[in-house]
Each structure stands twice: as C-alpha cells, then as structure tokens.
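# Remarks on the overall topology
So the chains spell out like this:
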Amino acid sequence: MEMNASGAPSEAVGRAGKLLGGSRSVVVFTGAGISTESGIPDFRSPGGVWSRHRPVTYQEFVSSREARAAYWKMKREGWNEFAASAPNPAHLAIVQIERAGRLTGLITQNIDGLHLAAGNSEEKIVELHGNNRYVKCLTCGAVTGMEEAIRRIDGGEEAPECLECGGLLKPATVSFGQEMPRGEMERAHEYSTECDLFTVVGSSLVVQPAASFPVIAKRSGAKLIFINMTPTPLDAIADVIIRGTAGAALPAVVAAAGLKTRVQGIEGEERAGRQLKME
Ligand code: APR
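Notes on the structure in this doc start here. (Residues numbered from 1 in each chain as written. Predicted model: local features only at pLDDT ≥ 70, side-chain atom pairs only at ≥ 80, totals over all residues. Heavy atoms only, no water.)

Mapped onto the elements, H53 comes out in the loop between α2 (49-52) and α3 (58-63). Here the side chain of H53 touches E77 through a polar contact of 3.0 Å, side chain to side chain. Excluding its chain neighbours within four sequence positions, the residues that come into contact with H53 are M74 and E77. (Helix = DSSP H or I, 4+ residues; strand = E, 2+ residues; numbered from the N terminus. Polar contact = N/O pair within 3.5 Å; in protein donor to acceptor, adjacent residues only side chain to side chain. Contact = heavy atoms within 4.5 Å.)

What follows covers the packing of aromatic side chains. Counted according to the given criterion, the structure contains six aromatic pairs. Pairing F29 with F198 gives two aromatic rings, centres 5.7 Å apart and planes at 35°, and the pair type is tilted. With F29 in strand β1 (residues 26-30) and F198 in strand β7 (residues 197-201), this pair connects stretches of sequence that are 169 residues apart. Residues W79 and F82 carry aromatic rings whose centres are separated by 5.4 Å and whose planes lie at 25° to one another, so their mutual orientation is stacked. With W79 and F82 both in helix α4 (residues 65-84), this residue pair falls three residues apart, about one helical turn. (Phe/Tyr/Trp six-rings, centres within 6.5 Å; stacked < 30°, edge-to-face > 60°.)

Now for the pattern of salt bridges. Overall, the coordinates contain nine salt bridges when judged by the stated rule. Between R65 and E161 there is a salt bridge, with the nearest N and O atoms lying 3.7 Å from each other. Linking R65 in helix α4 with E161 in the loop between α7 (146-154) and β6 (169-173), this pair joins segments that are 96 residues apart in sequence. We classify R65 as partly exposed; its relative accessible area is 41%. (Salt bridge = Lys/Arg side-chain N within 4 Å of Asp/Glu carboxyl O. Buried < 20%, exposed > 50% of the residue type's maximum accessible area, 1.4 Å probe, protein only.)

Moving on: the pairing of strand β2 (residues 103-108). For β2, the buried fraction is high: six of the six residues fall into the buried class. Sheet analysis places β1 next to β2, joined by five bridges and oriented parallel. Pairing of F29 across the sheet is with I107, part of β2. Relative to strand β3 (residues 125-127), β2 is paired through three bridges, and the arrangement is parallel. Paired with T108 across the two strands is E127, which belongs to β3. (Pairing = 2+ DSSP bridges.)

Have a look at this one:
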C-alpha cells in the first residue's frame, strides 16, 4: 500500500506517524478522494463525475436555462449516494487528531459535510467549495435544504426557482468561474501559514486556488504528508507520500503517531493498531 524511496512496506506510514506525533499544529487538507470509501464518486478518477458530465460554469448557469437544467440533472444523478453517505475511518481519524488537541484547521474542497458529520468542530472546518446540502437563491439569498429542491426536480421542474422571489436557485457550492468565499480563503491561508504539519488526503491537487495551500504551508516551513492513490503535480514537495486508500492509511498514521486522545472526557492512550471506539 505504501510507496516511498526505499519501497519498504509501512515505512512511509511510520515516518508519517513520527511527523504527526511530533506536531503541535496540524492542518488536514481533503479532497473528494477521502469520501470515495463513503460511496461518493470523486471527479477525476476513471468513472468519476467529470467522466460523465461537463462542468457547468457559473456564467453558464446564470445565463442559460439549458445549462441550469444540465447542472441540476447532474446534481440529481449523484444525490442518492450523497444523501446515503456516512463518514468512513479516514474522516474519523481526523476527529482523533482534533481530540488529541493537535488540529489547527481542516481545509476541505468537499461539499458533502462528512467532516462535520464525523465529529470535527464546525469552527475548525473550512469548506472552500461550499456545501451541497443547502440551496441558495442568487437574488434574495434565501437558504433552503437540498432535499426540497430534489423533490421539486422529481416533481418535474428542470431548474427550481426561488419560491420567495422567483430568483435562480443554486446549491450552496462554488462552481468554476464563481468567486471563492473570501472568509474561507482567508482562514485557509492563515491555517496554512501557521501549521507545522500539512496533510493532504485524497486530492489530485489540480484545482486552483485550493491547490496553492500545500505550497503556502511548505513555504512557511511546514512538513507535508500526501495520502493519495495516484500521483499529484505537487508530489515533489511532499516529505512523505503514502500511495494507498485514505480509509486504511490515515488511521494507520494516527495509530503510529501514538496520539493521546481525549475520549468521553478522559485521557486515553492511542496505541499502535488499537483504534479507540469513536462514540
Ligand atoms: N484513498 C486515497 N485517494 C483516493 C481515494 C481513496 N479511497 N479515492 C480517490 N483517491 C484520489 C484519486 O486518485 C485522485 O487523485 O483522490 C483524488 C481525487 O481527485 P479529484 O477527483 O480531482 O478530486 P479533488 O482533488 O477533490 O478535486 C478538486 O475539483 O472539480 C472540482 O470542485 C471540485 O472540489 C473539487 C475540486
């Protein structure tokens, strides 16, 4: 599972565990690859979302009814897996890093809300690309649940409009060409310059500006761990690369780190290989 210079199995996990165990300020940066084991397809793996749909830009969405219909068709197609998804062991491993008091911030490109569902604190989570569980009116700003929009689509509407003002409804996610959320970008930048360890989990690191944060962290003196099934354009700056599945690799790194994890208010000892029962 692990690939590293010497090619020795689990040597990379051991090195990553040592970095994590010695870190006081960890930032975890996640992409769609952390949620594939929760049943949500990623974007650029074979069979991923972009192999079945063309991305609809924000400009197309606001100017073309056909584009909006195509966009909502894509959203509807992925909704059942999305709604049925639950956090997997990789998400829970990041909760353990937080409970050990080491997590400075959790920057995610994901829109699935699984980090909050797993138990990470909302104030530590930065959703760079928004959240797909809510829908926002682009005119009056009214926010409603995605379930209602899905019900309206199943009732025959191609592109639901705001029931308050008739404006265009769009999931509360960031599309290509749409302005990035300023507050989230500022927090992500601050976390990236503050941390001493920046861990990327399940991202192809090809989309800007999100992919700039590992570089900012490196320039600020942080060590970089990459856990990803395939190579990324930034592999050359990583200190440790674990070529494996997030659901197996991240818990193994946390176990190897021997973090003291506060569980139900008591000090617990995370021994290698013994996963604490997550409440
Ligand atoms: N474990 C580890 N890595 C995985 C796993 C897994 N179980 N499953 C997939 N991967 C890896 C893939 O090899 C791929 O390199 O995760 C990466 C996912 O890459 P993308 O599909 O490009 O997803 P992401 O990096 O999050 O994309 C960034 O692009 O389209 C936009 O807004 C979208 O937020 C998204 C952004």
